[in-house]
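Notes for the structure review
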Amino acid sequence: MSTTEARTEARTPATPTAQTQGATTYPLKFTLTPSTTARAAAEREAILADPGFGKHFTDHMVTIDWGIEDGWHDARVTPYGPLQIDPASAVLHYAQEIFEGLKAYRHEGGSIWTFRPERNAKRLQRSAHRLALPELAAEDFIEAIRQIVAVDGNWVPSAPETSLYLRPFMIANENFLGVRAAQTVAFYVIASPAGAYFADGVAPVKIWLSTEYSRAGRGGTGSAKCGGNYAASLLPQMEAYENGCAQVLFLDGETGTHIDELGGMNVMFVHGTDRIVTPRLTGTILEGVTRDSILQLARDRGMTVEERDVTIDEWQSGVASGAITEVFACGTAAVVTPISQLKSETIEIGDPDAPAGAITMSLRQELTDIQYGRLPDRHGWMTQLDGQA
Ligand SMILES: Cc1ncc(COP(=O)(O)O)c(C=O)c1O
């Protein structure tokens, strides 16, 4: 068998129902080594009272190793702690790394749920394909999340609009400086309690238009969730902060005329009261789970949904004429964020003091009501993570 064949086979099965690969049997079985230094309840509760975002981590983590010969193996839940990584590890040199982000929500009554995890699993597979990493079966991805919630479920906060942020990621950890796809890889899941994104009520934000930098180009990695995309967005993001803006907006890299997305969110335009427009998926933007869900909720309301190119000129003239009534960004972290103004060196579109739009806010409310179990889950988007029925 050639190396290519071995690699391809090692990356399968995508649907691993009771299949074997080398010494590995799918679906994977997880072992648990409980932490002996888990935080006491009082310390955990103090953290959960004001968790912020991405600052605190739960007591355990998930690891699954992959090798070109034996596929995915050694799925385990272990105490949270530093990774020991060789200085020659491929990820440190060639950024062969991908990640995901989703949340666990506590519903009234205490049960723990997550939102459309199969979409994150599939997106991780697409990112893996683009970054020449092995694909992890959706079933194993979701089981990994169940495993961490099973052991660290008491880290899911219960205050309104709080959650446990789940961060699955995959790195190339072969100790080899040759530039080729690594032959050993590891997948991890860590978890971090997250406070309400807008603790004082949802506040519209100003956005900085990056005219100098692009996030993605044709044939690049724009639609993959890989760390390198975010590294490239940090300098323009600093420019945004320096100009009093919360996030940076990127235009398409080829013509610099139409809108791609923000550094970490997709963007949507409300026209009048019954039409919602968002940039189409061209391969340069991330296919957001929130984006897809908002478009579905809009369709359910009878709104017209358009996925197409949106030029910066259309944004400017649409706001000036009143055709565009609301603009907002969407993504897992902040759900829906109203945009009051777009700024660059040369243009200002919108009113920085404008309040959040009514449609923006009602879509936000509807989506969070579904996520927190306050509204029926009519699309089957929610997956229960703990054992409760
Ligand atoms: C670049 C980018 N676009 C869009 C999104 C929104 O995606 P999602 O709704 O799946 O969180 C994210 C967040 O993950 C992102 O990083």
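1. Here's the deal with the site of the ligand
Taken together, the neighbourhood of the ligand is formed by 17 residues, with Lys225, Tyr230, Glu261, Thr290 and Thr332 sitting nearest. Between the ligand and the protein, one listed contact pairs an oxygen atom with a side-chain N or O atom of arginine 123 at 2.8 Å. One of the side-chain N or O atoms of lysine 225 is found 2.7 Å from an oxygen atom in the ligand. Here the ligand, which alone exposes 380 Å², has 95% of that area covered by the protein. Of all the secondary-structure elements, those providing two or more residues to the shell around the ligand are strand E13 (259–262), helix H7 (289–300) and strand E17 (324–331). Residue classes in the shell around the ligand are distributed as six nonpolar, seven polar and four charged.

2. Focus: the domain arrangement of the chain
Where interface size is quoted, it is often the accessible area lost as the parts come together. Assigned domains of the chain: these are domain 1 (8–194) and domain 2 (205–371). Counting residues at the interface gives 19 residues for domain 1, matched by 20 residues for domain 2. Here domain 1 is connected to domain 2 by five salt bridges. The partner of arginine 126 in a salt bridge is glutamate 287, with the nearest N and O atoms 3.5 Å apart. At the junction of domain 1 with domain 2, the criterion picks out 13 residue pairs in polar contact (both at pLDDT 80 or more). For the side of domain 1 that touches domain 2, the elements supplying multiple residues, two or more each, are strand E6 (97–99), strand E7 (102–106) and helix H4 (117–130). Of all the elements, H4 adds the most residues to the side of domain 1 that touches domain 2, at six residues.

3. Points about the environment of leucine 367
Looking at where leucine 367 falls in the secondary structure, it is placed in helix H9 (residues 358–371). Sequence separation between leucine 367 and tyrosine 213 is 154 residues, and the spatial gap between their C-alpha atoms is 33 Å. The contact partners of leucine 367, leaving out residues within four places of it in the chain, are Phe115, Thr290, Ser293, Ile294, Leu297, Val335 and Trp381.

4. A word on a nonpolar patch on the surface
A cluster of nonpolar side chains, contributed by Tyr94, Leu177 and Val179, occupies part of the molecular surface with about 320 Å² of accessible area. Turning to its location among the elements, leucine 177 is positioned in the loop between strand E9 (163–172) and strand E10 (184–194).

5. Focus on the packing of aromatic side chains
This model, assessed by the stated rule, comprises nine aromatic pairs. Plain terms: the ring middles of tryptophan 66 and tryptophan 72 are 6.5 Å apart, the flat faces sit at 55° to each other, and that makes the pair tilted. Look at phenylalanine 115 and tryptophan 381: their rings are 5.5 Å apart centre to centre, the planes differ by 80°, and that puts the pair in the edge-to-face class. One end of the pair, phenylalanine 115, is in strand E8 (residues 112–115); the other, tryptophan 381, is in the loop between H9 and strand E20 (382–384), and 266 residues separate them in sequence. As far as burial versus exposure is concerned, phenylalanine 115 and tryptophan 381 are alike and both buried.

The rules we used
Residues numbered from 1 in each chain as written. Predicted model: local features only at pLDDT ≥ 70, side-chain atom pairs only at ≥ 80, totals over all residues. Heavy atoms only, no water. Near = heavy atom within 4 Å. Polar contact = N/O pair within 3.5 Å; in protein donor to acceptor, adjacent residues only side chain to side chain. Areas by Shrake-Rupley, 256 points an atom, 1.4 Å probe, with all protein chains shown as cover. Helix = DSSP H or I, 4+ residues; strand = E, 2+ residues; numbered from the N terminus. Nonpolar A, V, L, I, M, F, W, Y, C, P; charged D, E, K, R; others polar. Domains from an automatic or database assignment. Contact = heavy atoms within 4.5 Å. Salt bridge = Lys/Arg side-chain N within 4 Å of Asp/Glu carboxyl O. Patch = residues over 30% accessible without salt bridge, like charges linked within 9 Å, V, L, I, M, F, W, Y side chains within 5 Å. Phe/Tyr/Trp six-rings, centres within 6.5 Å; stacked < 30°, edge-to-face > 60°. Buried < 20%, exposed > 50% of the residue type's maximum accessible area, 1.4 Å probe, protein only.

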